[in-house]
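Descriptive analysis of the structure
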Amino acid sequence: METLVLYSEVVQRALCGENIIIWLPTGGGKTRAAVYVAKKHLETTENAKVVVLVNKVHLVDQHFTKEFDPHLGRDYKLVPVSGESDEKDFFGNVVRDSHLVICTAQILYNALINPEESRHVELSDITLLIIDECHHTHKESVYNKIMRCYVEKRLGEQGPLPQILGLTASPGTGGAKTLENAVEHVLQICANLDSSIVSTKNYVPELKQKVPRPKKSFDIVDKRNEDPFGEHLKWMMEQIHEFMNLPPDFKPRQFGTQEYEADVVVLEQRGESRCALHLRQYNDALLINDTLRMMDAYSSLEDYYSLKGLKAIDGTDYYLVGLFQENQVELRKLALDSRFENPKMAKLQTTLLNQFDAGVKSRGILFSKTRKSVHCLHDWISNNRVLQTAGIKAAILTGAGNGITYMTQHEQGETIRNFREGALNLLISTSVAEEGLDIPECNLVVRYGLLTNEIAQQQASGRARAQDSVYSVVAERGGREERREHINEYLEELTGKAIAKVQEMSPRQFHIRIRELQREDIIRTKAAESHKLQKRSRFPASRIQFLCRNCFKPVASGSDIKLVDNAHFVNINPNFKREYRAGGQVVLERTFEDWEPGCTISCNNGNCGQNWGFELKYKKIALLPNIAIKNFALQTPDGRMTLKKWKDIPFTVEDFDFAEYCQDNFPDIIFD
């Protein structure tokens, strides 16, 4: 607790029982301050019950092991709970039997809305609620759903309610560019958390000494003089446009941009889904070409078409596959021509060599946008003789999940442990390493091909905490990344000014504004929920047809779809089994109480093979196809549409009735 001497002012109001947000930089001691507040709360509050919320699964064990258990574990019962632990299935009992629980926000929210006694929790059961990375308490985040429950009870004077302690390195400006709007954003975060925001004022020099700012370096390169590989890809995209015979009112934007990605979505909605899928691949290849090696871009297309060639269905498919095959040799030849290689890669190599040397102990993080780019950068570094000679031992760190490019929780932990112990000295990471992870001090942080907000920039910069560390931005001169970095610098300064303005408000003025914002948010939320219900009721389920996203064969009706446990969308029509073929067994890292995964399922129409999801075995009896909406197109009375998330569907899905399903499918078996 030695660092708390410096920050006693930021915890003082919390110790008096006030709801507060602690604003300190990454590495400034926020979590340690929270441990101290929790300790004092447990010592002084009758029947104290502390819940610590985190927004990522790996932070549950990290906070338990590194922070709370070492200081509180001897005197109090502490329990870490995540979606991977059995305790989630009787979370209500765990809260009642423990002094302090650390869990993901989703687990607490599920418990608040679950009526089952062993799982249910009321906010009144908790006396102190600590919210890590609390700047995420906005819009429809799980944090904000929990706090809306809290605020509604506060406004309705339905007590008692827990004390709130929020922790953040930056609330950001919420996209605001002016001081007035930035102040409103900070006030909204305060309103959402029903809290004041506090920061250190008396110990600023000590804080700067504890958390030194890295030296910022803009490692800028000029644009390629020539890019024949990229130009050839654009020519091929133009050929597809001509083949599609686009209407005159459709004006596509620049190839190789996020804006063109939005144009592709419009094409899908206009019924040009087959060509749109291919155009997206070429656009992705151009984005890769802009950031990584030409061969990385070429390989992404080669991988796509090696599978697509086996799944060609009609004349459109044969044309699109044939276009690539006819140009494949030329594309590969251009991609291997070193005269036109991406200059950013050479600059990145120089940036790494400036900090890494065979005789120097260095440790760094290289941030990139996507899992694909992270894997490509790792391949480049691992096969780069110069970088290997410099002693770089790199590994990938990406978010947890299922799939080839995801990592398991165990793999994440093993990678960070090797990095901490020195077996690795460079992490190549997506944004997962920006926030919360217990990663040791680095003397180099590189942001490569990234467009993010000021919060992410501050968190990434905060990873360079070693003395004389460097924070490098590798970007093209005048490009979007360089411009965004300068904007973020301004927004970081604006955030500080906005917080200062909020802190200058009188308690009465602050309280009145917070209550106004809370009431406005409740009204806005109820209106949005009403609109969502109307949107969901736009069409009867029976008027919706599900089409395979690849071959567009009609395969199901909207009325076939049911919702299992408020989480899984399944097709209960037994005839649906004729439409798909089962593949390999799905293996998940964790187990679930009521269901287990079966085999993957894919379209059975000729050569299509489009992935649809996987079979789900429910309560050891019902084998249900669990489908992903992104793998289908919907034919509605108003036309065809594609969606990424189930929440956006234009019809209502009924809950799955297990008893009715059993009676329909197993009539000879008597169920209780």
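Residues numbered from 1 in each chain as written. Predicted model: local features only at pLDDT ≥ 70, side-chain atom pairs only at ≥ 80, totals over all residues. Heavy atoms only, no water.

Looking at an unreviewed UniProt entry, one finds the protein named RNA helicase and attributed to Sphaeramia orbicularis. Under the Catalytic activity (unreviewed entry) heading, UniProt states for the protein: "ATP + H2O = ADP + phosphate + H(+)". The UniProt entry for the protein carries this comment under Subcellular location (unreviewed entry): "Cytoplasm". (UniProt positions renumbered as here; feature names shortened; annotations may be inferred.)

Here the focus is the packing of helix α7 (residues 179-193) against helix α19 (residues 480-504). Look at α7 against α19: their axes get within 8 Å of each other, and the N-to-C directions meet at 65°. As judged from the angle between their axes, α7 and α19 are roughly perpendicular. The interaxial crossing formed by α7 with α19 has right-handed handedness. Across from Leu 179, Ala 182, Val 183, Val 186 and Leu 187 in α7, the residues of α19 making contact are Leu 494, Lys 497, Ala 498, Ile 499, Lys 501 and Val 502. When its residues are assigned to classes, the contact of α7 with α19 shows nine nonpolar, no polar and two charged. (Axes fitted to C-alpha atoms, helices over the stretch in contact; angles between N-to-C directions. Helix = DSSP H or I, 4+ residues; strand = E, 2+ residues; numbered from the N terminus. Parallel < 35°, antiparallel > 145°, perpendicular 65-115°, else oblique. Left-handed = near helix turned anticlockwise from the far one by under 90°. Contact = heavy atoms within 4.5 Å. Nonpolar A, V, L, I, M, F, W, Y, C, P; charged D, E, K, R; others polar.)

It is worth spelling out the sheet that holds strand β10 (residues 394-397) at this point. The strand order across the open sheet formed by six strands is β8-β13-β12-β9-β11-β10, and the pairing between neighbours is parallel. Edge strands, defined here as strands with exactly one partner in the open sheet, are β8 (215-221) and β10. The average angle at which neighbouring strand axes cross in this sheet is 20°, direction not considered. Pairing analysis gives four bridges linking strand β9 (residues 364-367) to strand β12 (residues 444-448), with the strands arranged parallel. When the sheet's bridge partners are listed, Phe 367 is paired in β12 with Arg 447. (Pairing = 2+ DSSP bridges.)

Below, the discussion takes up the UniProt feature "domain: RLR CTR" (unreviewed entry) in the protein. Cross-referencing UniProt, the feature "domain: RLR CTR" (unreviewed entry) maps to residues 534-663 in the present numbering. As a span, residues 534-663 carries 7% helix and 43% strand, and end to end its C-alpha atoms are 33 Å apart.

According to the domain assignment, the protein consists of domain 1 (1-210 + 512-521), domain 2 (215-221 + 343-488), domain 3 (228-340) and domain 4 (541-666). Placing the centre of domain 1 and that of domain 4 at their C-alpha centroids yields a distance of 38 Å. With both sides pooled, the region where domain 1 packs onto domain 4 buries about 410 Å², and carbon together with sulfur makes up 35% of that total. Here domain 1 is connected to domain 4 by one salt bridge. Across the pair Arg 119 and Glu 593 runs a salt bridge whose closest N-O atoms are separated by 1.9 Å. The interface formed by domain 1 and domain 4 contains one residue pair in polar contact (both at pLDDT 80 or more). Partitioning the side of domain 1 that touches domain 4 into residue classes produces no nonpolar, one polar and four charged. (Domains from an automatic or database assignment. Buried area = accessible area lost by both parts, 1.4 Å probe. Salt bridge = Lys/Arg side-chain N within 4 Å of Asp/Glu carboxyl O. Polar contact = N/O pair within 3.5 Å; in protein donor to acceptor, adjacent residues only side chain to side chain.)

A word on empty space enclosed by the protein. In this structure the tally under the stated criterion is two cavities of 30 Å³ or more. Looking at the largest cavity, its volume works out to about 50 Å³. Lining the largest cavity, in full, are Asn 144, Met 147, Arg 148, Val 151, Ala 191, Asn 192, Gln 518, Asp 521 and Ile 522. Of all the secondary structure elements, the ones that give two or more residues to the lining of the largest cavity are α6 (142-155), α7 and α20 (507-536). The element contributing the most residues to the lining of the largest cavity is α6, with four residues. Partitioned by chemical class, the residues of the lining of the largest cavity number four nonpolar, three polar and two charged. There is about 40 Å³ of room inside the second largest cavity. Around the second largest cavity, the lining residues are Arg 447, Tyr 448, Gly 449, Leu 450, Val 473, Val 474, Ala 475, Glu 481 and Glu 485. The set of elements that each furnish at least two residues to the lining of the second largest cavity consists of β12, β13 (470-476) and α19. In terms of residues, the lining of the second largest cavity owes the most to one element, β13, which gives three residues. (1 Å grid on protein atoms, 1.4 Å probe; cavity = no way out; pocket = protein on both sides within 12 Å on 5 of 7 lines; lining within 4 Å. Points joined across faces, edges and corners; volume = space filled by probe spheres on them.)

Time to look at the pairing of strand β21 (residues 622-627). For β21, a buried count of five out of six residues is recorded, marking the element as mostly surrounded by other parts of the structure. The sheet contact formed by strand β20 (residues 611-618) and β21 spans six bridges and is antiparallel. Within β21, the position partnered with Glu 615 by the bridge is Pro 625. (Buried < 20%, exposed > 50% of the residue type's maximum accessible area, 1.4 Å probe, protein only.)

A few words now on the side chain of Thr 642. Considering the arrangement of structural elements, one finds Thr 642 in strand β23 (residues 639-642). Filtering out sequence-adjacent residues up to four positions away, Thr 642 remains in contact with Glu 268, Arg 549, Phe 632 and Ala 633.

Across soluble globular proteins, nonpolar side chains have a tendency to be buried as a group. Within the largest apolar cluster, 56 residues are counted, with the highest numbers of intra-cluster contacts made by Leu 352 and Ile 381. No other element matches the eight residues that helix α11 (residues 273-291) contributes to this core. Each of two domains, domain 2 (215-221 + 343-488) and domain 3 (228-340), supplies a minimum of three residues to this core. Contact partners of Ile 381, with chain neighbours within four places excluded, come to Leu 352, Leu 366, Leu 387, Gln 388, Ile 392, Ala 394, Leu 426 and Ile 428. Judged by nonpolar contacts, the second largest core, of 48 residues, contains Val 81, Val 101, Leu 112 and Ile 197. (Core = buried A, V, L, I, M, F, W, Y, C linked by side-chain atoms within 4.5 Å.)

Helix α3 (residues 57-72) packs onto helix α2 (residues 30-44) with a crossing angle of 35° between their chain directions and a minimal axis gap of 10 Å. Once α2 is placed against α3, the crossing between them reads as right-handed. Mapping the contact onto sequence places Thr 31, Arg 32, Ala 34, Val 35, Ala 38, Lys 39 and Leu 42 in α2 and His 63, Glu 67, Phe 68, His 71 and Leu 72 in α3.

Attention shifts here to the pattern of salt bridges. Going through the model one piece at a time under the given rule, you end up with 38 salt bridges. The residue Glu 184 makes a salt bridge to Arg 513 at a minimum N-O spacing of 2.6 Å. With Glu 184 in helix α7 and Arg 513 in helix α20, this residue pair connects regions lying 329 residues apart in the sequence. Measuring nitrogen to oxygen at the nearest pair gives 2.7 Å for the salt bridge that ties Asp 337 to Arg 339. The exposed category is assigned to Arg 339, whose relative accessible area is 65%. Salt bridges linked by common partners bring Glu 140, Arg 148, Asp 521 and Arg 524 together as one network.

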